[in-house]
Each structure stands twice: as C-alpha cells, then as structure tokens.
Amino acid sequence: MAFFTATPSLHLRYLPQARALCPLRTINCSSSSSAMLLTSSTVKFDLRTYWTTLISEINQKLDEAVPISYPEQIYKAMRYSLLAKGAKRSPPVMCIAACELFGGSRLAAFPTACALEMVHAASLIHDDLPCMDDDPSRRGQPANHIVHGEAMAILAGDALFPLGFRHIMSHTPSDIVPEVRLLRVISEIARAVGSTGMAAGQFLDLEGGPNAVDFVQEKKFGEMAECSAVCGGLLGGADDDEVQSLRRYGKAVGVLYQVVDDILEAKMNGEKGNEGKKAKSYVSIYGVDKAAEVAEDLRVQANRELDGLEKYGEKVLPLYSFVDYAADRGFSVGEPAP
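Definitions and limits used
- Here the residue numbering is sequential within each chain, running from 1 through the sequence in written order.
- In keeping with the model being predicted, local features are shown solely for residues with a pLDDT of at least 70 and side-chain atom pairs are shown and tallied solely at 80 or more, while totals for entire chains, interfaces and linings include all residues.
- Only hydrogens and water are set aside; all other atoms, that is, all heavy atoms of the structure, feed into the side-chain values.
- For helices the rule is a DSSP run of H or I covering at least 4 residues; for strands it is a run of E covering at least 2, with both sets numbered from the N terminus onward.
- In this scheme, a residue with accessible area under 20% of its type's maximum is buried, one over 50% is exposed, and one in between is partly exposed, where area comes from a 1.4 Å probe on protein chains only.
- Here, two residues are considered to be in contact whenever any of their heavy atoms come within 4.5 Å of each other.
- Areas reported as accessible are Shrake-Rupley estimates using a 1.4 Å probe. Residue values count occlusion only from the protein chains shown.
- Multiply 1.5 Å by the residue count of a helix minus one, and that product is the helix's expected span.
- Here, the term nonpolar core denotes a set of buried Ala, Val, Leu, Ile, Met, Phe, Trp, Tyr and Cys residues that are joined through side-chain atoms within 4.5 Å.
- By convention in this document, the label disulfide applies to cysteine sulfur atom pairs within 2.5 Å.
- The rule for a salt bridge is simple: a side-chain nitrogen of Lys or Arg has to be within 4 Å of a carboxyl oxygen of Asp or Glu.
- Interaxial angles span 0 to 180 degrees and are taken between N-to-C directions of axes, which are lines fitted to C-alpha atoms, for helices over the stretch in contact.
- If an angle is under 35 degrees, it is roughly parallel; if it is over 145, roughly antiparallel; if it lies from 65 to 115, roughly perpendicular; otherwise it is oblique.
- Left-handed describes a crossing in which the near helix is turned anticlockwise from the far one by less than a right angle; the clockwise case is right-handed.
- Under the scheme applied, nonpolar residues are Ala, Val, Leu, Ile, Met, Phe, Trp, Tyr, Cys and Pro; charged residues are Asp, Glu, Lys and Arg; polar residues are all the others, including Gly.
- pLDDT measures how confident the predictor is about each residue, on a scale from 0 to 100.
- Pairing of aromatic rings covers Phe, Tyr and Trp, the last through its six-membered ring, and needs centres within 6.5 Å; plane angles under 30 degrees mean stacked, over 60 mean edge-to-face, and all others mean tilted.
- For a ring to carry a charge above it, either NZ of a lysine or CZ of an arginine must fall within 6 Å of the ring centroid while also lying within 35 degrees of the normal to the ring plane.

Right, let's get into the overall build of the protein chain. Scanning the protein chain from N- to C-terminus turns up 13 helices and four strands. Here the protein chain, with 338 residues, has 55% of them falling under the buried criterion. Considering only contacts in the protein chain between residues 6 or more positions apart, those separated by 24 or more positions represent 72%. Entry remark: accessible area of the protein chain is about 14,000 Å², with carbon and sulfur atoms responsible for 52%.

Here's what the structure looks like:
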C-alpha cells in the first residue's frame, strides 16, 4: 500500500514523450519540468524546496504526536516506522497542497496530514509482515517485524490507525475547519483503508489472478494518494465537483508512481526481475513497454483532472508537479538542491 516510497533517483527516459498542452507553461520541479495550461507566461515552481520544507515541519509534528508512553514497547514500535528516516511524507504533503489550493491554511491541514502519515505507516507495517508481502526491509532499514517482532508490529499498526482519527479530532482548530468537514475527512480515510479500499487491494494481491492487476494497482497504490488529495480538498472547502476531480487525480498519481517504480526496478534487474514478489504489477503481467504506455496514460489523466482547477492560478502548481515527479523522478526527495 506504499505511496511514494523510496526509489532510485533516475529519470524515466524510456517513457513516451508527454503530450503537451497549449499554450505552454513550464514548471521547474528542480531538475524536472512539465508543460501545462494556465497562462502564456513562464512560471517556475521549486517542488524540491516546497516538499523538503514540509517534510521538516511534518516530522516535528509527528514526533510530538507520538511520545513514548506506557506500554513503551508498542510506542517504540510505532515510532520506529512512523519516524523512519528517508520517508517522503507524500500523503501529508499532497493533503497540504490540496488544502492550500482552495485557500485553506496549513494550520487546518497539519492534523489530517499527520493522521494520513500514521495510517500510511500502519499499512506499510502490516504489508511487510510474513503473512502478507513478506518484506524484510522498508526504507533502507529492517522492517518493523524484524526489529520488534511480528506480534508487536501488528499491535503498532493497529494502534496507529485509530490514533490518526483521534489526532484529527483533537488537534484541528474548530474555528478554522467546521465539524462537518472533519467528519467527511474521517469517513474518507476510513473508506480508503477499509474492506473496499486498501484492504481489498491487499487481498487480491494475495489471492487474485492476473486479471486483477488493475484493481490491485488502484486499491493498493492509488487509494492513499486519492484519499490524501480528497482530504486536503475537503479541509480547504472544495465543492463536490472539485472533490471528484481530486479523487481521480490522486488515484492516477498514486498508480502512476507505482507503475514507474516497477518499470525502474525491471530496468535495473532485467524485465523479469520483479516477478513473483510483485506478480500483480503491469510490468510482470504485460512487460515494460505496455507498462510505459499505462504510465503515460495515467500522467495525461492526472494532468487533465487539474485542468479544470486552473481558476485557482499558481496554487495548482504543486499538484501538477507531483505528476511530473511521479513520472520523471528528477530529484531525491528530502535532499537539498545542489
């Protein structure tokens, strides 16, 4: 259920050339750029700085949100994954960007942003378990169950899920975000992680046949990004049509990132390098060339959903830039610009 997890810093040069929209406008995502509609002028947006700055703030708030308490073993296991070095914090950053798009403040978005990271961390802990994906490592370090044991890893994940909901209700200023919006945010997160969302994707990844690849990719990898974009929009006051655009945008970006991840892995390890472990990937089912076509379609789809939000001007630039990053990997998140 990973969303923007660690990956090599490589340009995806073998993807088909993105179809440009006119008139053109360039975003500078540090070392990556894209064409987009808005005005005829050229506007530069530094995604690396934007993202890195938010990571620092989010890390501090997450550290404060989960202090060591009794029983210490559970909290240590929770913090081990939640505060892991190298985390991109993609769900909270996307949530904040979507909230700011509609005029919302970071103060309004931070509690939900942190909650999304808690939910994300919990899903990764459970994904890595031997009974699931059986991954011994995560973000360059031993997986939670390797360090703390399977039982404690399960408990840590179980504790992080509800902590996220509680954090939203206890830390979101009521004078900034109406309660009805918070209820919609909580409902959205519950939907995304539940039996019709990420859990369904994990089930079919374990049990489904090759025809399940679309569903697995959308549910296991698209749900977290979809939920993050939608929650940010809800907090910022997006209307129903705008929320639906964010929903489709987020899902496309989340799946795009994973498809590109699988392509990069196949290029490094040989086209059959990720068979078995990732049997429900487009690469393992259809091959690199077909997966590259899927990635390009997802890129176009994600950008198309943002075209209807251009009335918000430059506030939409971070969301466009996420699409470029998912496809191109023009820099390493968290590292300062050279």
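Looking now at helix α6 (residues 150–171). Over its 22 residues, α6 runs 31 Å from end to end, which matches the ideal 32 Å to within 8%, given 1.5 Å per residue. All of the buried residues in α6 are Ala-153, Ala-156, Gly-157, Leu-160, Leu-163, Gly-164, His-167 and Ile-168.

This part covers the nonpolar core. One finds Trp-51, Leu-160, Tyr-249, Val-259, Leu-319 and Phe-322 to be the most contacted residues of the largest nonpolar core, which totals 92 residues. Element by element, the count of residues in this core is highest for helix α10 (residues 240–269), at 13 residues. Sequence-distant contacts of Val-259, defined by excluding residues within four places in its chain, comprise Gln-217, Tyr-282, Ala-291, Val-294, Ala-295 and Leu-298.

Moving on, we get to the state of the cysteines. Under the criterion given, the structure shown has zero disulfides. Left unpaired, Cys-95 is separated from the closest cysteine sulfur, that of Cys-231, by 6.0 Å.

This part takes up the pattern of salt bridges. Applying the stated criterion across every chain, the model contains 21 salt bridges. Where Asp-205 meets Lys-220, a salt bridge forms, and the shortest distance between an N and an O atom there is 2.5 Å. Taken together, the residues span a long stretch of sequence, with Asp-205 in helix α8 (residues 198–207) and Lys-220 in helix α9 (residues 213–236) at a distance of 15 residues. Both residues of the pair, Asp-205 and Lys-220, belong to the buried class. Two residues, Asp-324 and Arg-299, come together in a salt bridge whose shortest N-O distance is 3.2 Å. Separated by 25 residues along the polypeptide, Asp-324 in helix α13 (residues 317–328) and Arg-299 in helix α12 (residues 288–307) bring together distant segments of the chain. In terms of burial, Asp-324 and Arg-299 fall into one category: buried. Taken together, the shared-partner salt bridges in this structure form one network comprising Glu-188, Arg-191, Lys-219, Glu-223, Glu-226, Arg-247 and Lys-251.

Packed helices, taken two at a time, are described by the angle their axes make and the gap between the axes. For the pair α9 and α10, interaxial distance at closest approach is 7 Å and the crossing angle is 140°. Classed by the angle they form, the pair α9 and α10 counts as oblique. Between α9 and α10 the crossing geometry is right-handed. Where α9 abuts α10, its residues Gln-217, Glu-218, Phe-221, Gly-222, Ala-225, Glu-226, Ala-229, Val-230, Gly-233 and Leu-234 lie against Val-243, Leu-246, Arg-247, Tyr-249, Gly-250, Lys-251, Gly-254, Val-255, Gln-258, Val-259 and Asp-262. Its residues placed into classes, the contact of α9 with α10 shows 10 nonpolar, six polar and five charged.

Turning our eyes to something else, we now look at the confidence of the model for the protein chain. Detailed reading of the predicted coordinates is not advisable wherever pLDDT falls low. Averaged over every residue, the pLDDT of the protein chain is 85; the share at 70 or more is 83%. This model gives residues 6–41 a pLDDT under 50, and the stretch forms 108 contacts once residues within four places in sequence are excluded.

Looking now at unusual backbone geometry. With an omega of 0°, the peptide bond running from Tyr-70 to Pro-71 counts as cis. Looking at the secondary structure, you find Pro-71 in the loop between α1 (47–65) and α2 (72–82). Positioned with a positive phi, Arg-89 is a non-glycine residue whose angle comes to about 55°. On the secondary structure map, Arg-89 appears in the loop between α2 and α3 (90–101). On the accessibility criterion, Arg-89 (2% relative accessible area) is buried. Non-glycine residue Arg-139 carries a positive phi angle of around 55°.

This part covers the packing of aromatic side chains. For the structure on display, the rule yields six aromatic pairs. Between Phe-102 and Tyr-312 the ring centres are 5.0 Å apart and the planes differ by 75°, which places this aromatic pair in the edge-to-face class. With Phe-102 in the loop between α3 and α4 (106–127) and Tyr-312 in the loop between α12 and α13, this pair connects stretches of sequence that are 210 residues apart. The ring of Phe-110 has Lys-61 lying over it, and the distance from NZ or CZ to the ring centre is 4.9 Å. In this structure, Arg-329 is placed above the aromatic ring of Tyr-257, and the distance from its NZ or CZ to the ring centre is 3.6 Å.

In this section: the side chain of Glu-188. Within the secondary structure, Glu-188 is located in helix α7 (residues 179–193). Leave out the neighbours within four places in its chain, and Glu-188 touches Glu-226, Cys-227, Val-230, Cys-231 and Arg-247.

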